[in-house]
Amino acid sequence: MTDLFSQLAAWLTSAGQWAGPEGIAQRLLEHVEYSLLSTLVAALIALPIGLFIGHTGRGAFLAINLSGFGRALPTVGIVTLVFLVSGLSMTPVYISLVALAIPAIVTNTYAGMAAVEADAKDAARGMGMTGLQSLWRVEIPLAAPLIMTGVRLATVQVIATATIAAYVSFGGLGRYIFDGLAQRDLTQVLGGAVLVAALAVAVDLILAGIHRILFRHRLT
């Protein structure tokens, strides 16, 4: 076990391992690209849905149950299915990652909107605000902490799952895991897993810090 950790440390700190088109730096950039693009697309789809459900109260059952659907989603199965239809491309990966991220964003957006007190909405209407004005000026600002929590959860989930890009012969940090398994190179497998975990933790800490800065007045 000591030898394994020594080999892992040497693998992670080797200058040669970080350089080149298949180096850690390049794989890390690919992984971040896949993850951020997927989360952005998911947010563009999920936020309007969550806001609509939270504002109107219609479709609440869908929003509540999407969380369980997201946990049960067979990501690799979706990749395989779309791959068979569309052929070799990043499309199956992006579709799967977007589908994975949508439930967390919709559910938390709805939860944030549902948590807005009725008195605040009544006060907005009493001031003569339209439904749209109340949504943008009152409900969304009050629901923002939970909405951002949903985006944060989705981002971390996507980062942890973006290794599937290597499943269809593309890059990212998952390349080390799949190649290591194929080559029976345990050091490479562990190295890839450690890098994915470190990236997920780092992004989560960054988003948590942004959350605290943006909403520090809510905590006092």
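Further up the page is the structure itself.
Residues numbered from 1 in each chain as written. Predicted model: local features only at pLDDT ≥ 70, side-chain atom pairs only at ≥ 80, totals over all residues. Heavy atoms only, no water.

**Observations regarding the pattern of salt bridges**
Working step 1: Applying the stated criterion across every chain, the model contains 3 salt bridges.
Working step 2: For the salt bridge of Arg 152 with Asp 204, the shortest nitrogen-to-oxygen distance reads 2.6 Å. Placement of the pair is Arg 152 in helix H8 (residues 131-161) and Asp 204 in helix H10 (residues 186-214), with a sequence separation of 52 residues.
Working step 3: Given the relative accessible area of 25%, Arg 152 is considered partly exposed.
Working step 4: Accessibility expressed as a relative area gives 23% for Asp 204, which makes it partly exposed.
Working step 5: Residue Asp 179 is joined to Arg 175 by a salt bridge in which the shortest nitrogen-to-oxygen separation is 3.1 Å. You can see Asp 179 and its partner Arg 175 sitting in helix H9 (residues 174-183), 4 residues apart, about one turn around the helix.
Working step 6: Overall, Asp 179 belongs to the partly exposed group, its relative accessible area being 24%. (Salt bridge = Lys/Arg side-chain N within 4 Å of Asp/Glu carboxyl O. Helix = DSSP H or I, 4+ residues; strand = E, 2+ residues; numbered from the N terminus. Buried < 20%, exposed > 50% of the residue type's maximum accessible area, 1.4 Å probe, protein only.)

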